[in-house]
Amino acid sequence: MVGGNTALLPVPEALARLLALAPAPETEQAPLLAALGRTLTAPIHAVRTQPAADLSAMDGYALRFAELGQLLTVVGEAAAGAAPFTIQPGQAARIFTGAAVPASADVILVQEEAARDGDRLTLNGEGPPAPGAHIRRKGYDFSAGELLIPAGTVVTAAVIALAAAAGHATLPVPRRPRVVILSTGNELVPPGMPVTGVQLPSSNAPMLAALLARLPVEVEDRGIVRDDLATITEAFRDAAQTADIIVTTGGASVGDHDLVRPALIAAGAEIDFWRIALRPGKPLLAGHIGKTIALGLPGNPGSAYVTALLFLLPLAARCAGAEHLLPQPHDMRIAGPLPATGPRRDYVRAFTRDGEAHPILGQDSAALRRLPEADLLVLREAHSPPAEAGTVVTAIRIA
Ligand SMILES: Nc1nc2c(c(=O)[nH]1)N[C@H]1C(S)=C(S)[C@@H](COP(=O)(O)OP(=O)(O)OC[C@H]3O[C@@H](n4cnc5c(N)ncnc54)[C@H](O)[C@@H]3O)O[C@H]1N2
Ligand code: MOO
């Protein structure tokens, strides 16, 4: 018998079995911008010293502190990027911010406190308080060989700035796993296309792509696959050539047109589990074709959304060597009653108001109308008794 009443796998076990399929991420050297959002797999050391020389922090004159207040002769000009030169006693150099300080100068007089007449320079103000003023010393930021950024750091714009300054054009990060999305169902048409009769737009694929966009993964939506065993099998075979993860929606249940599982088997997959003790999301299916992991999500849009949050994102994050995105569950009071649960763990879509979890009325897994309001999933174990308003429950923030 297909499906039958075989015991449903508990959610934690299903998640552990799914994550166990994920291979250790491979490292690649990615160009700086391409590494954005990924996690460093190795520490970053400076390959150069910054600054590479003593540099002026101000526009003004480089001179000897001991000669401050004397009449000095301006002998040259130091601009950022120009090679440093030397000044003799009695001399000063015109200097600009970022320029190398001439050897034997030990202070910068800012131009607002200087009086210049041709090449003659005198003090016209208080002047710098001590030798070294307005000079950024060679290597004060970092020196070649120093550890700058530990492994495990997420690459941000600031990390990119530091790495670039330290002499790097690429960074060691996990290769972005390729996720292929297949939407099964003869009733589906691409979003925005005309629908006739009982056709409906495929909302699951753009929803999944949007969730995955939070992670450093490559997403390819391969569109709608017709409910035909050979067609779905071919789509799996084809996707398995390049994908690290194939995620499907629909066709995961027990009906005659639910062909994802048989097609996976026909494509040479091993099925790791099918049907779990989760509401919504019972028909969840996991398998692998060689190294490619296949995750079959239910077609109902509410179920696809919840199972994507609970299974697809952790899987994709694991394959990407990235942090799991959902925060740890926390305690919260519910603002309204909840009925007893059945044999499946229930994830109730809810929204936060005044610090309480408000369960959204109408939890039908096919309904989308109120999904945008849900910023929480209230987790209720299987066989829980009814819960009154005010009961403390476990909630997971999803938005
Ligand atoms: N006899 C049983 N029937 C069903 C069971 C069961 O255990 N025994 N499980 C039910 C549960 S729970 C779910 S959830 C659904 C999911 O089944 P499938 O994964 O096979 O999904 P479909 O039947 O293909 O589609 C369900 C529903 O979702 C719509 N859909 C599908 N794909 C999309 C998409 N890309 N975008 C928007 N909407 C989509 C589809 O039109 C259907 O209305 O099975 C129950 N049945
Ligand atoms: O498990 Mo289904 O996803 O309840 O509707």
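- You'll find the protein chain entered in an unreviewed UniProt entry as Molybdopterin molybdenumtransferase, with Sphingomonas prati given as the organism.
- Recorded in UniProt under Catalytic activity (unreviewed entry), the annotation for the protein chain is "adenylyl-molybdopterin + molybdate = Mo-molybdopterin + AMP + H(+)".
- Of the protein chain, the UniProt comment under Function (unreviewed entry) reads exactly: "Catalyzes the insertion of molybdate into adenylated molybdopterin with the concomitant release of AMP."

### A look at the site of ligand 2
Here is step 1: As a matter of local geometry, ligand 2 sits amid Pro280, Gly281, Lys282, Asn300, Ser303, Arg344 and Ser365.
Here is step 2: Contact between ligand 2 and Ser303: an oxygen atom at 2.4 Å from a side-chain N or O atom of the residue.
Here is step 3: Residue Arg344 places a side-chain N or O atom 2.9 Å away from an oxygen atom belonging to ligand 2.
Here is step 4: Of the residues belonging to the shell around ligand 2, the class tally is one nonpolar, four polar and two charged.

### Thoughts on the site of ligand 1
Here is step 1: The full set close to ligand 1 counts 23 residues, and Glu187, Gly251, Ser253, Asp258 and Lys282 are the nearest of them.
Here is step 2: In this structure, a nitrogen atom belonging to ligand 1 sits 3.1 Å away from a side-chain N or O atom of Ser202.
Here is step 3: Protein contacts shield 71% of the accessible area of ligand 1, which totals 880 Å² for the unbound molecule.
Here is step 4: Mapped onto the shell around ligand 1, the elements with two or more residues apiece are strand S15 (200–201) and helix H6 (301–319).
Here is step 5: Residue classes in the shell around ligand 1 are distributed as eight nonpolar, 11 polar and four charged.

### Examining unusual backbone geometry
Here is step 1: Geometrically, the link from Gln50 to Pro51 is a cis peptide bond, its omega value of -10° lying close to zero.
Here is step 2: In this fold, Pro51 is placed in the loop between strand S2 (44–45) and strand S3 (55–56).
Here is step 3: Cis geometry marks the peptide bond from Arg279 to Pro280, where omega comes out at 0°.
Here is step 4: Along the chain, Pro280 turns up in the loop between strand S19 (278–279) and strand S20 (285–289).
Here is step 5: Even without being a glycine, His134 presents a positive backbone phi close to 65°.

### Quick word on the pattern of salt bridges
Here is step 1: The full count for this structure, using the stated rule, is 13 salt bridges.
Here is step 2: Glu220 is the salt-bridge partner of Arg222, the closest N and O atoms lying 2.8 Å from each other.
Here is step 3: Overall, Arg222 belongs to the partly exposed group, its relative accessible area being 28%.
Here is step 4: Since its relative accessible area comes to 34%, Glu220 is described here as partly exposed.
Here is step 5: For Arg345, the salt bridge is made with Glu381, and the minimal N-O distance between the two is 3.0 Å. In this pair, Arg345 is assigned in strand S23 (residues 345–353) and Glu381 in the loop between strand S25 (376–380) and strand S26 (392–397), connecting sequence segments 36 residues apart.
Here is step 6: Residues joined in a network through salt bridges with shared partners are Glu26, Arg175 and Asp244.

Conventions and cut-offs
- All chains use their own residue numbering, which begins from 1 and follows the written sequence.
- Chain labels run from A onward and ligand labels from 1 onward, assigned in the order the entries are written.
- Confidence filtering applies because this is a predicted model: local features only for residues at pLDDT of at least 70, side-chain atom pairs given and counted only at 80 or more, and all residues used for totals across whole chains, interfaces and linings.
- The side-chain quantities take in all heavy atoms of the structure and omit both hydrogens and water.
- UniProt positions are given in the numbering used here, feature names are shortened, and annotations may be inferred rather than shown by experiment.
- If a single non-hydrogen atom of a residue is within 4 Å of a molecule or strand, that residue counts as near it.
- Here a polar contact means two N or O atoms within 3.5 Å. Within protein one must be a hydrogen donor candidate and the other an acceptor candidate, and residues neighboring in sequence count only if both atoms are side-chain atoms.
- Each residue is assigned to one of three groups, with Ala, Val, Leu, Ile, Met, Phe, Trp, Tyr, Cys and Pro labelled nonpolar, Asp, Glu, Lys and Arg labelled charged, and all others, Gly among them, labelled polar.
- Areas reported as accessible are Shrake-Rupley estimates using a 1.4 Å probe. Residue values count occlusion only from the protein chains shown.
- Starting at the N terminus, helices and strands are each numbered in turn, a helix being any DSSP run of H or I of at least four residues and a strand any DSSP run of E of at least two.
- Salt-bridge detection follows one rule: a side-chain nitrogen of Lys or Arg within 4 Å of a carboxyl oxygen of Asp or Glu.
- Throughout, exposure labels follow a simple rule: accessible area from a 1.4 Å probe, protein chains only, divided by the maximum for the residue type, with under 20% read as buried, over 50% as exposed, and the rest as partly exposed.

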